[in-house]
Every structure is written in C-alpha cells, then in structure tokens.
Amino acid sequence: MNIKEKIKTLVIKKPLKLDCGKTINNFPLAYETYGSLNENKDNAILVFHALTGDQFVTGINPVTKKDGWWSYAVGPNKSIDTNKYFVICANVIGGCMGSFGPSHKNPDTNKIYGTDFPVITINDMVNAQVNLLDHFEIKKLFSVVGGSMGGMQVLQFISNYPDKANTVVPIACTSNHSAQNIAFNELGRQAIASDHNWSDGKYLSNNTLPDKGLSVARMAAHITYLSKKGLQEKFGRKLQERDALKFGFDADFQIESYLRYQGSVFVDRFDANSYLYITRAMDYFDLVKQFDGNLSNAFKKTKAKFFIISFTSDWLYPTQENKDIVIALNAIGADVGFVEIKSDKGHDSFLLDVPDFLKTLKNFLDKSYSET
Amino acid sequence: MKTEYKIIVDLIEEKTRVLDVGCDDGTLMESLKKDKNVDARGIEISKDKVQTCVSKGLTVIEGNAELDLKQFPNDSFDYVVLGQTLQAFVNPEIVIKELLRVGKKAIITIPNFGHWKVRLNLLIKGTMPITESLPNDWYNTPNIHMCTIKDFVKFSKIINFKIFKSLALTNKNISNINNSNLFYKNLFAELGIFLIEKKDENRNN
C-alpha cells in the first residue's frame, strides 16, 4: 500500500478565496476520522493540529509508523473519548500530509509549486476545513478543540462560524503572535533558506532536500516547546555516552544529542516549504487586528461555551496571552471557563502525559456533552 | 449544605446572573443552578478547586478577585457573592467597590471577630484568638483584615454603600440584624451575611 492509499482526501470543488487575494478550487483536503458519527450527528469534534502535526491524531500514524501526535488525549475512554465522540482532523492546507500544499504540482504549469504556492493564513485553513462539515452533513459540531496553532484555528473557526460549534476549547494559544514568536519562526525559516539545498524552494524538482536547514529549524523550535526547568531536570549537564568532555564539537552533552536527534527524525516526515508556509500563517494570525483592535468582537455572535487552558511553564504562549482571550470573552458576558494547569513540561504539555490536563479536558467535554 | 449557603440561595432571585467570587468547590453555584435556575459563574484561586468545579460542569475561571474582577464590565451580574473572604484581601475597600461595580447587588459574608468567644480568648489568654472558624495563628493566617459585624456596618457608612439586608447566623439560627440588636448580634453571631447595593449617587462610576 503506498502512502496515497493511506490518506483519505476530500476534493474541495467550491472556490476558496484566500486572504492573499488568490482563489483556489478543486484542491485536496486530507483528513482522518476516529469513532463514529451518531444518528443525530451531534457528537462530532473537529480537532485542529499544530504546526508540525497532521490528520493522524491518534493510533499509529500509517505514514510515519509512530504514535499519533495526540495519542494521550484522543482515543477510547481518553479525554476526547472516541467511544463517545466522532473525531475529525484535517491536514491544514499548506501542509505536507496530503492536503493542498507547496509540494503539489501546479496544474497550470505542471511544475511543483514550491514558493509559488500562495501564502496561506489561519483563516484560509479553517475556511478550507469547514467543508468537512458539509461532507459529513454535520450542522453543528459538539466541539472544536486544538492546542498551539490548533488553538488559533479554534478561535478563528468560531469567529467565522459562530453557530457551528457548541463548545470551544483553545489550548496553550494566543490571539496573535508576539514579536518573540515571530522571531523564533523567522530563525527557523532562515535556517531553511540558508541551506544550499533549498534552492529557493525548488528542491523537489532538483531532487535535493534542505535537510540540514530544516533540522536546525526544528532544533530551535523544539527548545521553545520545553521549559528551562524541564530541560534541566531531564538533561542538566549530563554527557552523551562519554565520561569526559572531548574538547571538540561533537555532541558532548546529552541535550545536544537529543536536539540533533529531534532534528534528524523531523526531516523524514516534514517538508521544508510547508514549514515556511505554516510558520508564516502563524505569524500573520492576528484576531485582534481582524476585529479592529477589539478581540471581544471576534466572539460577539457566538453562544458557544468556551474553556481555555494554559500551562504554568509555557513561555511560548504564556498564561497571560491565554488569559487575554478569557478577558475578551468576559467583557461580553460569554460563557467562559479557564484553568492554568501546573506542569514543568513547557508548551508541549498539551501533547504529553499531564494527568491534570487530560482529566480536566475530559471532564469539561463529557459534562458539557451530557448537558446538551 | 452549609446553612450559610442556604441563606445565600434564599437571598438570590430566580433566573438571575450570579458571580461567585472565591467559589471554592462550586457547592453554592451548584445549588444556585439547581434551585434558582441561575446563570452562575465563578472565580477561584485554587487550581484544584477550579478543576473540581469543571468536573461538575460549572463555568469557573482561575483567578484572583483583586486582579481579575476588573475584566468584567459594569453591572454584568445581578449578584456578586463573596463568602468569608473579605478579610483576606489586601484592600477590602477596593474589593467591595469592584463587587458593586460588576454586580448590581453583592452578598458578603463575614466571620464575626466580635463573637464572645473571640473576645474572651483574647481577654483571658492574651494571645491572638484561634477558633473553629479561624484556626490559624497570627503569623500564618490568610485573614489579614478581620472585622466584626459592627465594623462592617460602620464601614458601609465610611465607603458609602447601602446595606439592603443584614442577617446573623448564631448556632445555625438565622436572625435579622438591626440597630437595636446590633450589640447582641455582634456578641453572639458567628457569621454576618449582608446584601448590599451601591448608593444611587455612586452609580455609573
């Protein structure tokens, strides 16, 4: 079975006008589902993935053969209980797991898009994914859930489609990227662009891959997903399979070896141009500006119940940025709950085994579902 | 349920919007929802208790009343409840003003430091009183601004709010507090429960 057979794809025929001005149509949206849709079609949860995630939320990812990115949270009897809910997740457009992206061929020129692919925004991503509701004939989702960039999509989704979800769960996210967020993304993009093999984005036509650049981008980003304390406790100054420093530039320290490993496995599953496009989409995201400086206006039309979760050690999207969303919602009397979960695992906490988080997410969803 | 909560539930009208400041494990919010069909929201400082509230399906935000009340617009609730925590704030005056800005009415309960056991404790032992409801030593108590029922009544005149209703809880018995019995209530009640409002001239500020 080749990769394409493992990926379910919906071809979106309806033209989609992108924020950059271009219009796309007849484009593929790759998705996966878990659990089953009930008769009333009211048990569906649309999960949005983060920067390097994909539609394979849980179980074994058939392409990478590794656990799905949210295996801790999604599955039978888990926080997002697939015995109860019908979970849908799509690969974002601009991505590299089957959805329309820069590694696809431009039908007009028959060449791989590369950097000729249109710049995508978070708004474009959710406008593409809303087509899944029509496909499954779902009038209203029970919930939209996502962490990090997935959380940004959650916020954009409910702002664009205020009647299309009963509950809204943005996790460890922000309503717009800070200068520091943009700076780290730019570091990653520049690492890719300075790899000779990148060839201005035309590497797929040249059969050379900018693996070095992409892996450095991943290493830098990976540091931002962990906390100082978490790193210190896990690695400290421990040496990598040696008793003393070697007085050279090999990976003497375990943390060096760990980051190099993270970089090297990442390039096997991710496309460098997709990395550029998706980080750009995150940087451009500004829900405050979309609503003329007043975030509350993004949520004025919805009656959905919000639950916002942040983590104590997340310095990429710190609690205060999550709380700004809570404040905007309280300012219009929206139904909003909020909790900051104690964890040393940094921004990545939402992906990991953090029992307080997993339990709280489950309680919120199950209790809300029983009340609707 | 605690008698204190029963009294508060009785004071609140049906189908109103209520904010419970320091909502603890959500017991009061649950009975408000059940008995009075109230749209209840809570603020709670303890992560564990917020998580307990979420497991009960309650809408609660983790936060601190001194910092987080300001995010709510004027008059966004019919009632704001503050149960036995006024004495723990750095600035009770600002908190009361915030409660009355956010809520049309506020319900405040006060552990009465004027209770005879507290007075006797200090008189005889000569050390800071420790009682069932005030179990901490002076150096580790969160209660930095203890007051008596009489103090609270006086305070209403100083910072100019209207006490709409005042009740005393004595051995699980509820009674009204008025000018003529204030001395006795201040001596025998364990808890004072006050329904307060802004004075008209203070509205719109």
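Residues numbered from 1 in each chain as written. Chains lettered and ligands numbered in written order. Predicted model: local features only at pLDDT ≥ 70, side-chain atom pairs only at ≥ 80, totals over all residues.

1. Examining the overall build of chain B
Then, number 1: The secondary structure content of chain B amounts to 8 helices and 8 strands.
Then, number 2: Its C-alpha atoms give chain B a radius of gyration of 17 Å, near enough to 17 Å, the size a compact globule of 205 residues would have.
Then, number 3: Judged by the C-alpha coordinates and their principal axes, chain B covers about 45 × 40 × 30 Å.
Then, number 4: Partitioning the contacts of chain B with sequence separation of at least 6, the portion at a separation of at least 24 is 64%. (Helix = DSSP H or I, 4+ residues; strand = E, 2+ residues; numbered from the N terminus. Rg over C-alpha atoms; globule rule 2.2 N^0.38 Å. Contact = placed C-beta atoms within 7 Å.)

2. Concerning the overall build of chain A
Then, number 1: A count of helical and extended segments in chain A gives 13 helices and 14 strands.
Then, number 2: A compact globule built from 372 residues would reach a C-alpha radius of gyration of about 21 Å, and chain A, at 20 Å, matches this within 12%.
Then, number 3: With the principal axes as the frame, chain A shows a C-alpha extent of 65 × 50 × 45 Å.
Then, number 4: By the burial criterion, 49% of the 372 residues in chain A qualify as buried.
Then, number 5: Looking at chain A alone, contacts between residues at least 24 apart form 69% of all its contacts between residues at least 6 apart. (Buried ≥ 20, exposed ≤ 12 C-beta atoms within 10 Å, placed from the backbone.)

3. Thoughts on the interface of chain B and chain A
Then, number 1: The interface of chain B with chain A comprises 14 residues on the first partner and 19 residues on the second.
Then, number 2: For the side of chain B that touches chain A, the secondary-structure elements that each account for two or more residues are α3 (47–55) and β3 (59–62) of chain B.
Then, number 3: Within the side of chain B that touches chain A, the residues separate by chemical class into 6 nonpolar, 6 polar and 2 charged. (Nonpolar A, V, L, I, M, F, W, Y, C, P; charged D, E, K, R; others polar.)

4. A closer look at the pairing of strand β4 (residues 77–83) of chain B
All names here are of chain B.
Then, number 1: The buried fraction of β4 amounts to 6 of the 7 residues, a majority that puts the element mostly inside the structure.
Then, number 2: Two elements, β4 and strand β5 (residues 103–111), share 6 bridges in a ladder whose sense is parallel. Looking at β5, one finds that Y79 is bridged to K105. (Pairing = 2+ DSSP bridges.)

5. Here we look at the domain arrangement of chain A
Residue and element names in this part refer to chain A.
Then, number 1: Each assigned domain of chain A is listed with its residue range as follows: domain 1 (3–176 + 287–371) and domain 2 (182–278).
Then, number 2: Contacts between the two partners involve 25 residues from domain 1 and, on the opposite side, 19 residues from domain 2.
Then, number 3: Taken together, the residues of the side of domain 1 that touches domain 2 sort by class into 10 nonpolar, 11 polar and 4 charged. (Domains from an automatic or database assignment.)

6. Looking at unusual backbone geometry
Residues and elements named next belong to chain B.
Then, number 1: The phi torsion at D75 lies on the positive side, around 50°, for a residue other than glycine.
Then, number 2: Of note, D75 is situated in the loop between α4 (65–68) and β4.
Then, number 3: A positive phi is found at K172, a non-glycine position, where the angle reads about 70°.
Then, number 4: Considering the arrangement of structural elements, one finds K172 in the loop between β6 (161–170) and β7 (173–176).
Then, number 5: When the 10 C-beta atoms within 10 Å are taken as the criterion, K172 is described as exposed.

7. Details of the nonpolar core
Then, number 1: In terms of nonpolar packing, the biggest core is built from 158 residues, with I45 and V87 of chain A together with V80 of chain B touching the most fellow members.
Then, number 2: Among the elements that line this core, the one with the most residues is helix α10 (residues 272–284) of chain A, at 7 residues.
Then, number 3: The residue makeup of this core includes at least three contributed by each of domain 1 (3–176 + 287–371) and domain 2 (182–278) of chain A.
Then, number 4: What I45 of chain A contacts, discounting residues up to four positions off in sequence, is I80, Y85, V87, L141, F142, S143 and V145 of chain A. (Core = buried A, V, L, I, M, F, W, Y, C linked by C-beta atoms within 7 Å.)

8. What about the environment of N131 of chain A?
All names here are of chain A.
Then, number 1: Note on placement: N131 falls in helix α3 (residues 131–135).
Then, number 2: For N131, a count of 17 C-beta atoms within 10 Å gives the class partly exposed.
Then, number 3: Excluding its chain neighbours within four sequence positions, the residues that come into contact with N131 are L10, I12, K14 and L29.

9. Focus: the packing of helix α5 (residues 179–193) of chain A against helix α7 (residues 211–225) of chain A
Residues and elements named next belong to chain A.
Then, number 1: Packing of α5 against α7 leaves a shortest axis separation of 7 Å and a crossing angle of 165°. When the axes of α5 and α7 are compared, the pair comes out roughly antiparallel. Considering how the two elements wind past one another, α5 and α7 form a crossing that is right-handed. The residues of α7 that touch α5, namely those facing F184, L187, G188, A191 and I192, are G213, L214, V216, A217, A220, A221 and T224.
Then, number 2: Considering only residue class, the contact of α5 with α7 consists of 9 nonpolar, 3 polar and no charged. (Axes fitted to C-alpha atoms, helices over the stretch in contact; angles between N-to-C directions. Parallel < 35°, antiparallel > 145°, perpendicular 65-115°, else oblique. Left-handed = near helix turned anticlockwise from the far one by under 90°.)

10. Regarding the confidence of the model for chain B
All names here are of chain B.
Then, number 1: In the predicted model, chain B carries a mean pLDDT of 94, and the fraction of residues at 70 or more is 97%.
Then, number 2: Looking across chain B, the model is least confident in α4, with a mean pLDDT of 90, and most confident in strand β1 (residues 17–21), with 98.
Then, number 3: We note a pTM of 0.94 for the whole complex and an ipTM of 0.90 for its interfaces. (pLDDT = per-residue confidence, 0-100.)

11. Things to note about the pairing of strand β8 (residues 86–90) of chain A
All names here are of chain A.
Then, number 1: A large share of β8 lies buried, amounting to 5 of its 5 residues.
Then, number 2: By the alternation rule, side chains of β8 split into F86, I88 and A90 and V87 and C89, which are all buried.
Then, number 3: Sheet topology places strand β4 (residues 27–34) next to β8; 4 bridges connect them, and they run antiparallel. Looking across to β8, one finds that Y34 is bridged to V87.
Then, number 4: Note that strand β5 (residues 44–48) and β8 share 4 bridges and pair parallel. Paired with I45 across the strands is V87, a residue of β8.

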